[in-house]
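Now for the letters of each chain:
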Amino acid sequence: MSQPEPLSLTELLAAGAGVGRAIGMADGSLVLDDLADKTSLGGNFDALEGRAIVLMAGDQLRTAAALIELDGWARRIVLCPPDLEPKHLSAIVRDAEADAIVYGGQSEPPQGAAVALLAPCALPLQPRATKPVRAHATEWVLLTSGTTGDPKMVAHTLATLTGAIAPGSPQAAAQNWATFYDIRRYGGLQIFLRAVAGLGSLTLRSDGEAIDDFLIRAGAAGVTHISGTPSHWRLVLMNAAARRIDPDYVRLSGEIADSAVIDALTKLFPRARVAHAFASTEAGVGFEVNDGKAGFPASYLGKRENGAFFKIIDGSLAIRSGRTALRYLGDNAPALRDADGFVDTGDMIELRDDRCYFVGRRGGIINVGGAKVNPEEVEAVINRHASVHASLVKARRNPITGALVAADVVLNEGVVEAPGLKDEIIAACARQLAPYKVPALVRFVPALAVNASGKLARNG
Amino acid sequence: MSTRTIILSQIQQVAAEQKKTLAPMTDDLSLLDSGLDSLCFATLVARLEDIIGVDPFTASADVKFPNTIGELIAFYEHVAA
């Protein structure tokens, strides 16, 4: 089946106009109908047409406004995640051949990037003089946290991004979405697009907003559909404010959903359909599992609806579908799809009793509550400690964040295991690494296993 | 040391490491008002598994997750008993 001709976000929005839809955050909101004749981009809107634009609008609300305005208007939009380090900006501008940056109007323009146009994005919206005709097939570029070096730039189109979203019908009840995710990453962007394509509103979590405050807002907004990682949901389960929402649909994605969290959510929200979905920036939305169990039925492997095909290559899930990304940007970028069009997810699968279970990431990448940790990066910091000879960093299964970082450490000869040495190593990591990368557990061991090729044995 | 003492001292330790300010510990303090974030809880659960030898979040068939400090302690006492 061929994909329908992609509409722009503006056209998708127009289909659900006139019912007061909004994107709500703790500190402000965006009324979607206002974007029909107003702009967040001031006098720069016209000059942005046809450009390759790096979008770093500063917060989710500005990002939402700019995405809606620029889709179909820009040639390319590079959506920067909230934690983008400034040092990567010049490589992003180069590889995206960007000639404009849209930045958050509340802050200074970004430094050190050579582009023709620096356009601030500001709220509240201002009246817009022109009536734009959005005629560009905008390419959407998302960034994935590179474990080392610059982030990878993953090219999508509106069609690949919205391929899993069933078209809304005028008869359908409005879906009021909420998500714990940030819309500047793939998972959150999916929910943003579902909200735009649907007939309802969207509730987003503000930076640093407490879970219970967010749940209370979501409840007040009449949220019917809500998504987050299993780690988010475990926090909800530990929160009395969980009962402030009464959703029809609860979605888990971004991490392995175990049966404990699925069962607990099913019990807490007996009226809701609790589903877990497999999706990634590169592989797109793979599939949704609705039977209330962890893993997915082995019958999913093989050909599926809309020409999608799932298979296991060298133990990891590979996906071919109209929802996968097209390619990586950049001169020396690796191929995103293999010769047969499959994207390797790097998510390792174990087959038990006709069911496939996710068991972790290839290459030992550790997924701490949705954030990826490269063991080598943590080992490098530990190994710089004067008392340390070698270290092995690995995942430790965890019921709250899915996994945690654990380190086995071999001390230099003659170093005594003094009390406080563990704390010292942890503190050294805390100074140099993001909190989720800091080993939660440090164990001193006499030696580390090395495999036949002389590398640290990373299995087990 | 009692399970309660172990849990409370590990909470202090994790909070100090991750530079979190703890609210005064009482049994009816909501976990999410305690000052610990999800990474702190994850670390706490892992450390307690090493010390007490059990992870009730995984081991327990009880699908009711604890909401307060008192419930958290009871959660561990229940499986440790």
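Further up the page is the structure itself.
Residues numbered from 1 in each chain as written. Chains lettered and ligands numbered in written order. Predicted model: local features only at pLDDT ≥ 70, side-chain atom pairs only at ≥ 80, totals over all residues. Heavy atoms only, no water.

Asks: How should I be thinking about the overall build of chain B in this particular structure?
Replies: Helix and strand counts for chain B stand at four helices and zero strands. C-alpha atoms of chain B, sized along the principal axes, occupy 30 × 25 × 25 Å. Counting across all 81 residues of chain B, residues that qualify as buried make up 46%. Long-range contacts, defined here as pairs at least 24 residues apart, represent 55% of the contacts in chain B between residues at least 6 apart. Carbon and sulfur atoms make up 53% of the accessible area of chain B, which totals about 3,700 Å². In chain B, 5 side chains carry a positive charge and 11 a negative one; their mean positions are 7 Å apart. (Helix = DSSP H or I, 4+ residues; strand = E, 2+ residues; numbered from the N terminus. Buried < 20%, exposed > 50% of the residue type's maximum accessible area, 1.4 Å probe, protein only. Contact = heavy atoms within 4.5 Å. Areas by Shrake-Rupley, 256 points an atom, 1.4 Å probe, with all protein chains shown as cover. Lys, Arg positive; Asp, Glu negative; His and termini not counted. Charge placed at Lys NZ, Arg CZ, Asp CG, Glu CD.)

Asks: Looking at this model, I keep getting lost on the interface of chain A and chain B. Mind explaining?
Replies: The figure often quoted for interface size is the accessible area lost as the parts come together. Contact with chain A, which involves 25 residues of that partner, is made by 22 residues of chain B. Buried area between chain A and chain B, summed over both chains or domains, comes out near 2,100 Å², and the portion from carbon and sulfur atoms is 64%. The largest contributions to the chain A side of the interface with chain B come from Met-238, Arg-396 and Ile-400 of chain A, which together make up 27% of the buried area. For the pair chain A and chain B, the interface holds three salt bridges. (Buried area = accessible area lost by both parts, 1.4 Å probe. Salt bridge = Lys/Arg side-chain N within 4 Å of Asp/Glu carboxyl O.)

Asks: Would you mind going over the sheet that holds strand 9 (residues 139–144) of chain A with me for this structure?
Replies: Note: strands within a sheet are paired through backbone hydrogen bonds, in either parallel or antiparallel orientation. Residue and element names in this part refer to chain A. Ordered by their spatial adjacency, seven strands build an open sheet running 7-6-4-5-9-10-21, and the pairing between neighbours is mixed. In this open sheet, the two edge strands, each paired with only one partner strand, are strand 7 (117–121) and strand 21 (327–328). With two bridges connecting them, strand 10 (residues 152–157) and strand 21 associate as antiparallel partners. By the bridge assignment for strand 21, Val-154 is matched with Tyr-328. Packing of helix 5 (residues 186–197) onto the sheet brings it into contact with strand 5 (76–79), strand 9 and strand 10, and relative to strand 9 it is tilted by some 145°. (Pairing = 2+ DSSP bridges. Axes fitted to C-alpha atoms, helices over the stretch in contact; angles between N-to-C directions.)

Asks: What's the story with helix 2 (residues 38–52) of chain B in this structure? I'm lost.
Replies: Since there are 3.6 residues in each turn of an α-helix, residues three or four apart along the chain are aligned in direction. If you check helix 2 of chain B, its first and last C-alpha atoms are 20 Å apart, about what 15 residues at 1.5 Å a residue would give, namely 21 Å. Residue Gly-53 of chain B follows helix 2 of chain B closely and has a positive phi angle near 90°. (Expected span 1.5 Å × (residues − 1).)

Asks: Please clarify how the environment of Pro-56 of chain B should be interpreted in this entry.
Replies: Residue and element names in this part refer to chain B. Within the secondary structure, Pro-56 is located in helix 3 (residues 56–59). Owing to a relative accessible area of 0%, Pro-56 belongs among the buried residues under this scheme. For the pair Pro-56 and Thr-21, spaced 35 residues apart in sequence, the C-alpha to C-alpha distance is 26 Å. Setting aside residues no more than four positions away along its own chain, Pro-56 makes contact with Phe-75, Tyr-76 and Val-79.

Asks: Would you explain the sheet that holds strand 28 (residues 441–444) of chain A in this entry?
Replies: All names here are of chain A. With mixed pairing, three strands are arranged side by side in an open sheet as 26-27-28. The outermost strands of the open sheet, each flanked by one partner alone, are strand 26 (388–398) and strand 28. The mean angle between the axes of side-by-side strands here comes to 25°, regardless of whether they run parallel or antiparallel. As judged from the 10 bridges shared by strand 26 and strand 27 (residues 402–411), these two strands associate in the antiparallel manner. The residue bridging Arg-397 from the neighbouring strand is Ala-403, located in strand 27. Lying over the sheet, helix 9 (residues 375–383) contacts strand 26 and strand 27, oriented at roughly 140° with respect to strand 26. Relative to strand 28, helix 10 (residues 421–432) is tilted by about 130°, and along the sheet it contacts strand 26, strand 27 and strand 28.

Asks: Would you mind showing me how to read the packing of helix 1 (residues 3–17) of chain B against helix 2 of chain B here?
Replies: The packing of two helices is summarised by the inter-axis angle and the distance between the axes. Residues and elements named next belong to chain B. Helix 2 packs onto helix 1 with a crossing angle of 135° between their chain directions and a minimal axis gap of 10 Å. Taken together, the axis directions place helix 1 and helix 2 in an arrangement best described as oblique. In this structure, helix 1 crosses over helix 2, and the sense of that crossing is right-handed. For the pair formed by helix 1 and helix 2, the contact residues are Thr-3, Ile-6, Ile-7, Gln-10, Ile-11, Gln-13, Val-14 and Glu-17 on the first element and Cys-40, Thr-43, Leu-44, Arg-47, Leu-48, Ile-51 and Ile-52 on the second. (Parallel < 35°, antiparallel > 145°, perpendicular 65-115°, else oblique. Left-handed = near helix turned anticlockwise from the far one by under 90°.)

Asks: How should I be thinking about unusual backbone geometry in this particular structure?
Replies: For residues besides glycine, phi is generally negative; the peptide bonds are generally trans as well. All names here are of chain A. With an omega of 0°, the peptide bond running from Leu-123 to Pro-124 counts as cis. Structurally, the position occupied by Pro-124 is in the loop between strand 7 and strand 8 (126–127). At Asp-353, a position not held by glycine, the phi torsion is positive, near 50°. Looking at the secondary structure, you find Asp-353 in the loop between strand 22 (343–352) and strand 23 (355–361).

Asks: How do you make sense of the packing of aromatic side chains when you look at a structure like this?
Replies: The relative placement of two aromatic rings is captured by the distance of their centres and the angle of their planes. According to the stated counting rule, one finds 15 aromatic pairs over all chains in the structure shown. Summarising the aromatic geometry, the rings of Phe-309 of chain A and Phe-342 of chain A are spaced 5.7 Å apart at their centres and angled 85° between planes, so their arrangement reads as edge-to-face. With Phe-309 of chain A in strand 19 (residues 309–313) and Phe-342 of chain A in the loop between strand 21 and strand 22, this pair connects stretches of sequence that are 33 residues apart. Here the aromatic rings of Phe-57 of chain B and Phe-75 of chain B are separated by 5.0 Å at their centres, their planes lie at 80°, and the arrangement is edge-to-face. Residue Phe-57 of chain B is found in helix 3, and its partner Phe-75 of chain B is found in helix 4 (residues 69–80); the two are separated by 18 residues along the sequence. The burial state of Phe-57 of chain B is the same as that of Phe-75 of chain B; both residues are buried. A connected cluster of aromatic rings, assembled from ring pairs, spans Phe-278, Phe-287, Phe-296, Tyr-300, Phe-310 and Phe-358 of chain A. The side chain of Arg-304 of chain A reaches across the aromatic face of Tyr-300 of chain A, ending 4.3 Å from its centre. (Phe/Tyr/Trp six-rings, centres within 6.5 Å; stacked < 30°, edge-to-face > 60°. Lys NZ or Arg CZ within 6 Å of the ring centre and 35° of its normal.)

Interpretation note: all reported values are geometric properties and have no functional meaning in isolation.
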